[in-house]
Amino acid sequence: MEIKSLGYRTDLFLLGLGGSELHDNGEYVVIRTPANPMFWWGNYLLYRTPFGPGDVQRRLEQFRKEFPDAEHVSIGVDTTDGVLGVDGVKEELLALGATVDGDTVMAASTVIAPTRPNTTSTYRLLSTDGDWAQQDELNLKTATMTVDEGYIEYNRRRGLADRGRVEAGHGVWFGAFDGDRLQASLGLMFDGAGLARFQNVQTHPDDRNQGIASTLVHHASTYGLSEGRAKTLVMVADPDYLAIRIYRALGFSDSETQLGISIPPSS
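Residues numbered from 1 in each chain as written. Predicted model: local features only at pLDDT ≥ 70, side-chain atom pairs only at ≥ 80, totals over all residues. Heavy atoms only, no water.

Draft legend 1. Representation of helix 5 (residues 149–167). Between its first and last C-alpha atoms helix 5 spans 27 Å; for 19 residues at 1.5 Å apiece the expected length is 27 Å, and the two agree. Looking at helix 5, one finds that the buried residues are Tyr151, Tyr154, Asn155, Arg158, Gly159, Asp162, Arg165 and Val166. Angularly, the buried residues of helix 5 cover 140° about the axis, an arc narrow enough to put them on a single face. In helix 5, the exposed residues that point more than 90 degrees away from the buried face are Glu149, Leu160 and Glu167. The elements touched by buried residues of helix 5 are helix 1 (6–17), helix 4 (129–141), strand 7 (171–178), strand 8 (181–190) and strand 9 (195–203). Regarding helix 5, its N-cap is Asp148, as a side-chain oxygen of that residue lies 3.2 Å from the backbone nitrogen of Gly150 further along. (Helix = DSSP H or I, 4+ residues; strand = E, 2+ residues; numbered from the N terminus. Expected span 1.5 Å × (residues − 1). Buried < 20%, exposed > 50% of the residue type's maximum accessible area, 1.4 Å probe, protein only. Arc of directions from axis to C-beta. Contact = heavy atoms within 4.5 Å. Polar contact = N/O pair within 3.5 Å; in protein donor to acceptor, adjacent residues only side chain to side chain.)

Quick look at the structure:
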């Protein structure tokens, strides 16, 4: 199916590798992840056009029709310029308790070494059960949402999908280690046609501001462009979070804005 957004195109590629189901309904694409119904951005609608007059309520109704048992709402817009829709749409969504995110999609065909690399950590692939157990724990330590029983189960299922992609040969997962302790990690998945997409770049709160993240991203990028034979590396970042400065310093350039709207169960 044709998707304009590089961010969503690589998102759907990753979800497909993890067993998600994609159905093109013309006006929108339905993305379902039966193995993890709590995964908001594994169970959503991706619309091909921005919001027009009256579309907010109509699209919410379509979401509820496609996902009658879902407690959340997640809707993407396949655009590259960050235009959400007609005047007043954002305010209407915010009044309903929605969060409107405009993530920055970044790309690089070459990378620059960090000016202050970390040389005390060891950088290698996750490979053992112990490594992946630490990855699950790191996900919880860096979570931006409330870590309750539901989130722990969501995280467990997400971890299984991530490991499954790696063990199926679709990509790799790198970690930075202090001895055997995982300090930071990221995934890098390959589409086989020249694109490599980063996943979940994260650093333990106790290990930040040491140059670990920039060194890890550079290490993985070098691998991706050489051994992985990628021509373009893709990263999606929060434009308001400090990590985006790290990616820019390494040679990643802003290429588009990826729009996503979510309403949590409490709303």
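Additional details are given in the paragraphs that follow.
Draft legend 2. A look at the sheet that holds strand 11 (residues 253–263). Across the sheet, which stays open at both edges, the eleven strands sit in the order 1-2-3-4-11-5-10-9-8-7-6 with mixed pairing between neighbours. Looking at strand neighbours, the two that pair on one side only are strand 1 (21–24) and strand 6 (122–125), the edges of this open sheet. Strand-to-strand twist across the sheet, computed as the mean angle between neighbouring axes with direction ignored, equals 25°. Inspection of the sheet shows strand 5 (residues 99–108) paired to strand 10 (residues 232–237) by five bridges, in the antiparallel sense. Looking at the pairing, Ala108 lines up with Leu233 of strand 10. Where helix 2 (residues 55–66) meets the sheet, its contacts fall on strand 2 (28–32), strand 3 (44–47), strand 4 (73–77) and strand 11, and the angle it forms with strand 4 comes to roughly 120°. In this fold helix 5 packs onto strand 7, strand 8 and strand 9, with an angle of close to 115° to the strand it touches most, strand 7. (Pairing = 2+ DSSP bridges. Axes fitted to C-alpha atoms, helices over the stretch in contact; angles between N-to-C directions.)

In short, shape yes, function no, at least from these values alone.
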